[in-house]
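# Results of the structural survey
Single-letter residue listing:
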Amino acid sequence: LGRPHNVFGGSTDIYFSPLVSSAGEATFQSQEASFEDARGRYERRIFGDGQASLNLVYTNSGHYRSGDLHKCEQVNFIVWGRAQLLQVQGYEEHTTVHGAGEVITIPPHVPHLYYFPENTLMTETWRHPDGSPCPFQAFLYKPLRDRIPSNSTANPRKT
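One structure accompanies this document, and this report is about it. (Residues numbered from 1 in each chain as written. Predicted model: local features only at pLDDT ≥ 70, side-chain atom pairs only at ≥ 80, totals over all residues. Heavy atoms only, no water.)

### Describing the sheet that holds strand 9 (residues 103-106)
- With respect to topology, seven strands assemble into an open sheet ordered 9-7-11-5-4-3-13, the strand pairing being antiparallel. One side of each edge strand has no neighbouring strand; the edge strands of this open sheet are strand 9 and strand 13 (157-158).
- Strand direction decides the pairing type here: strand 3 (residues 33-37) and strand 13, joined by two bridges, are antiparallel. Bridging across to strand 13, E36 finds its partner in R157. (Pairing = 2+ DSSP bridges. Helix = DSSP H or I, 4+ residues; strand = E, 2+ residues; numbered from the N terminus.)

Rendered as structure tokens:
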């Protein structure tokens with residue numbers, strides 16, 4: 001188990017914490033987008049009526065991503081590479097390691113942070129409990145977001 005937290009990961013009460021803030025425009029909600037920074041490349045594609053999105057995320061080894069949470073379940077697929085996933089479940093941190101071919105589900109309202117020990121390609125999307133697409137919306141969780149070095153997110157370039 002990792003560090004203790006003052007919020008309860010997995011509860012809707014987490015959105016009332018001063019440690020949680022809307023990611024705002026960073027969510028691109030219903031827009032297709034693509035950018036690169038020191039971490040790698042991030043591409044969002046929108047499908048159907050605009051409710052379904054799929055992100056293709058390439059991350060260079062040694063970098064972090066996320067530090068956020070969502071109101072819907074997040075589903076990731078590791079195409080190749082490896083990822084360490086830290087989740088705040090209840091008041092505690094739990095870390096798991098995932099490799100190529102694995103599907104990862106992150107429950108709603110759970111702050112999470114990925115670390116990539118090697119170059120990795122993964123997909124991500126969000127869904128409602130009934131399996132239908134959930135529009136992307138992110139909320140930043142300061143204790144995890146602060147672990148991402150600011151120089152890795154500096155000067156993003158739209159592609």
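### Examining the environment of S21
- Looking at where S21 falls in the secondary structure, it is placed in strand 2 (residues 20-22).
- Those residues in contact with S21 that lie beyond four places of it in its chain are F139 and L140. (Contact = heavy atoms within 4.5 Å.)

### Comments concerning the state of the cysteines
- Considering all chains together, one arrives at one disulfide under this definition.
- The disulfide partner of C72 is C134, and the S-S distance across this bridge is 2.0 Å. Because the torsion about its S-S bond is 65°, the bridge between C72 and C134 counts as right-handed. Placement of the pair is C72 in the loop between strand 6 (63-69) and strand 7 (73-80) and C134 in the loop between strand 11 (120-127) and strand 12 (139-141), with a sequence separation of 62 residues.
- The exposure class assigned to C134 is buried, which follows from its relative accessible area of 8%. (Disulfide = S-S within 2.5 Å. Buried < 20%, exposed > 50% of the residue type's maximum accessible area, 1.4 Å probe, protein only.)

### Here we look at the sheet that holds strand 1 (residues 4-9)
- Spatially, 1-8-10-6-12-2 is the arrangement adopted by the six strands of the open sheet, whose pairing is antiparallel. Every interior strand has two partners, whereas the edge strands, strand 1 and strand 2, have only one. Going across the sheet, the axis of each strand differs from the next one's by a mean of 45°, ignoring polarity.
- Examined bridge by bridge, strand 1 and strand 8 (residues 82-99) share two bridges and lie antiparallel to one another. If you follow P4 over to strand 8, its bridge partner there is E92. (Axes fitted to C-alpha atoms, helices over the stretch in contact; angles between N-to-C directions.)

### As for the packing of aromatic side chains
- Per the counting criterion, the structure on display carries seven aromatic pairs.
- Ring geometry for F8 versus Y91: centroids 5.1 Å apart, planes at 75°, classification edge-to-face. With F8 in strand 1 and Y91 in strand 8, this residue pair connects regions lying 83 residues apart in the sequence.
- Residue F8 is classed as partly exposed on the basis of its relative accessible area, which comes to 40%.
- Take Y91: its relative accessible area is 46%, and that puts it in the partly exposed class.
- Ring geometry for Y15 and F139: centres 4.9 Å apart, planes at 70°, overall edge-to-face. Here Y15 is found in the loop between strand 1 and strand 2, whereas its partner F139 is found in strand 12, with 124 residues between them in sequence.
- Among the residues examined, F139 registers a relative accessible area of 10% and is labelled buried.
- Its end group placed over the ring of F136, R44 keeps NZ or CZ at 4.1 Å from the ring centre. (Phe/Tyr/Trp six-rings, centres within 6.5 Å; stacked < 30°, edge-to-face > 60°. Lys NZ or Arg CZ within 6 Å of the ring centre and 35° of its normal.)

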